[in-house]
Amino acid sequence: MNEPRLIVPDWKEEDRLKAIDSYHILDTPKEEEFDGIVQMAARICRVPIALISFVTTGRQWFKSTVGTDLQETPLDCSICSHAILQKDLMVVPDTTMDDRTRNNPLVKGDPHLRFYAGALLETSDRLPLGTICVLDFAPRTLDEHQCDTMRFLARQVMAQLELRRTLSQLRRALEAKEQLNTLLGDRAAHLESLVQQRTEKLSETVRELESFAYTISHDMRAPLRAMIGFSEAVKEDYSPLLDAHGIDYLRRIASAGHRMDQLIQDVLAFSRLSNADTSFQAVDVDLLIREVIRSYPNLSADFVSIAVDTLPPVKGSSALLTQCFSNLLENGAKYSKKGIKGKIHVWAEVRGSRTKLFFEDQGIGIPEQNLQRIFEIYQRVGRDNEGSGIGLAVVRKTVEKMGGTVGVESEVGKGTRFWVDLETAG
Ligand code: ADP
């Protein structure tokens, strides 16, 4: 009689069961690859029955079988549950002579199994999942070649299992990637709609603010006009009653009032730009600039001498171009050298679809460190400057509205050259 060696497993049952689960093999349908392996085992060992068996909780489950239709058996019918405790191939030449098998119901009763040999299905970290085993109805044994083949086939089963597991991991990774892509797509769409909503809200707020600025500025002009008007009336009607100080105060009130009025007008002009018409057409710039010069009192020949070359038409809006040119020309006149009448030269360069208009003066110039900020609203340079700091912000906004760009070069004490780049008309 065969004396079984008592083997204490060096693995934990919990780890072994987890390992089986990780292959997702239990209760899967038959597969050719595994069927081929058990058929080969039966043929080489010349036995009627061969199985690939996984020993799991309460049962052993067969992935592939030859010579039996059984899918699984309870553990008390399992010889493989003994085989997985061995380090190597377990061969039981006569099951009725071995303590581990003699009381097995399949040995004692139908179908009276008498021979068993099982090779371990073992993971790389030596956890036994089950066996590939061969069985016979008569006692017998295996030769060395058959034993080696059983071990080899066990390794083949493991290789198939690893392959299946890697493939299913890959499939799961791909599915996760797909899900992630869908999720990202959804997120992107959500973000896009959020951005759109916020932009709309922001535009609405900007519109409200601009209309608020417009209303406030507009309403402020009426009392201001009254102040200026009354201070002038006092000066006219009551001058004889006032001394030189009194008259100077009145003059200052009126001048401060005028300055405030100019400031309000500038703010109004800037707010109006947001609602400006954006349907552009060819504008006769040559004519327009000459009209601006004629109609703006600050640009009269008494204050400034302006030379205008022949100018080509550009694509834009007459209203916006009037605001832009008047600001540039008025600045050229305003920032002339002290005591010297300003001189401005206006000319154009056409390069294909773009036209660059130049406004060059011989005034005080702008220090280099200030060139960047002068186009920002409320930015003024120089202490005695009484401007609003809005003019160049208007210039930039009008030009950008017409799809153009604006720039400046300057040298302190020599003069300043602004340029406006717009689309050539026609
Ligand atoms: P404002 O003239 O009301 O101060 P602007 O926005 O028109 O406001 O101009 C901003 C600043 O740029 C001015 O304060 C001035 O210092 C400077 N500047 C503008 N144009 C000229 C120019 N042609 N020559 C010198 N300095 C200029």
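Residues numbered from 1 in each chain as written. Predicted model: local features only at pLDDT ≥ 70, side-chain atom pairs only at ≥ 80, totals over all residues. Heavy atoms only, no water.

Trainee: Just give me the short version of the overall build of the chain, but keep the residues and values in it.
Mentor: When you go through the chain residue by residue, the secondary structure sums to nine helices and 13 strands. The C-alpha radius of gyration computed for the chain amounts to 49 Å, which surpasses the reference 22 Å derived for 426 residues by more than 25%, pointing to a less compact arrangement than a globule. Taken over the C-alpha atoms alone, the chain extends approximately 145 × 50 × 35 Å along its principal axes. A burial count over the chain gives 40% of its 426 residues as buried. Within the chain, contacts between residues separated by at least 24 positions form 67% of all contacts whose residues are at least 6 apart in sequence. Element-wise, carbon and sulfur atoms account for 54% of the exposed surface of the chain, whose accessible area totals about 24,700 Å². Distance from the positive charge centre (53 side chains) to the negative charge centre (61 side chains) of the chain: 3 Å. (Helix = DSSP H or I, 4+ residues; strand = E, 2+ residues; numbered from the N terminus. Rg over C-alpha atoms; globule rule 2.2 N^0.38 Å. Buried < 20%, exposed > 50% of the residue type's maximum accessible area, 1.4 Å probe, protein only. Contact = heavy atoms within 4.5 Å. Areas by Shrake-Rupley, 256 points an atom, 1.4 Å probe, with all protein chains shown as cover. Lys, Arg positive; Asp, Glu negative; His and termini not counted. Charge placed at Lys NZ, Arg CZ, Asp CG, Glu CD.)

Trainee: How would you summarise the environment of Lys 338 if you had to cite specific residues and measurements?
Mentor: Its place among the elements puts Lys 338 in the loop between α8 (318–334) and β10 (342–351). Taking the C-alpha atoms as reference points, Lys 338 and His 112, 226 residues apart in sequence, are found 124 Å from one another.

Trainee: Would you mind going over the pairing of strand β13 (residues 415–423) in detail, with residue names and values included?
Mentor: With seven of nine residues buried, β13 is to be regarded as a mostly interior element. Pairing of strand β11 (residues 354–361) with β13, which is carried by seven bridges, proceeds in the antiparallel orientation. Within β13, the residue paired with Arg 354 across the bridge is Glu 423. Pairing geometry for strand β12 (residues 405–411) and β13, over seven bridges, is antiparallel. (Pairing = 2+ DSSP bridges.)

Trainee: Describe in detail the layout of surface pockets, supporting the description with residues and values.
Mentor: Sizing a probe to match a water molecule and rolling it over the atoms shows the empty space that remains. The space that makes up the second largest pocket amounts to roughly 270 Å³. In this structure, the second largest pocket is lined by 15 residues; those nearest its centre are Leu 120, Glu 122, Arg 151, Ala 154 and Arg 155. Elements supplying a minimum of two residues to the lining of the second largest pocket: β5 (115–122) and α5 (144–238). Looking at which element gives the most residues to the lining of the second largest pocket, the answer is α5, with five residues. Across the lining of the second largest pocket, the residue classes tally to six nonpolar, two polar and seven charged. (1 Å grid on protein atoms, 1.4 Å probe; cavity = no way out; pocket = protein on both sides within 12 Å on 5 of 7 lines; lining within 4 Å. Points joined across faces, edges and corners; volume = space filled by probe spheres on them. Nonpolar A, V, L, I, M, F, W, Y, C, P; charged D, E, K, R; others polar.)

Trainee: So what's going on with empty space enclosed by the protein? Residues and values would help.
Mentor: Overall, the coordinates contain one cavity of 30 Å³ or more when judged by the stated rule. The volume enclosed by the largest cavity comes to roughly 80 Å³. The wall of the largest cavity is formed by 13 residues, among which Trp 11, Ile 84, Leu 85, Gln 86 and Lys 87 lie closest to the centre.

Trainee: Explain the sheet that holds β13 to me, and be specific about the residues and the numbers.
Mentor: Backbone-to-backbone hydrogen bonds pair the strands of a sheet. The strands run either parallel or antiparallel. The strand order across the open sheet formed by five strands is β8-β10-β11-β13-β12, and the pairing between neighbours is mixed. Each end of this open sheet is capped by a strand with a single partner; those strands are β8 (304–308) and β12. Taken over all neighbouring pairs, the strand axes of this sheet differ in orientation by 15 degrees on average, direction set aside. Taken together, the eight bridges between β10 and β11 define a ladder with antiparallel strand orientation. Directly across from Trp 347, in β11, lies its bridge partner Phe 358. (Axes fitted to C-alpha atoms, helices over the stretch in contact; angles between N-to-C directions.)

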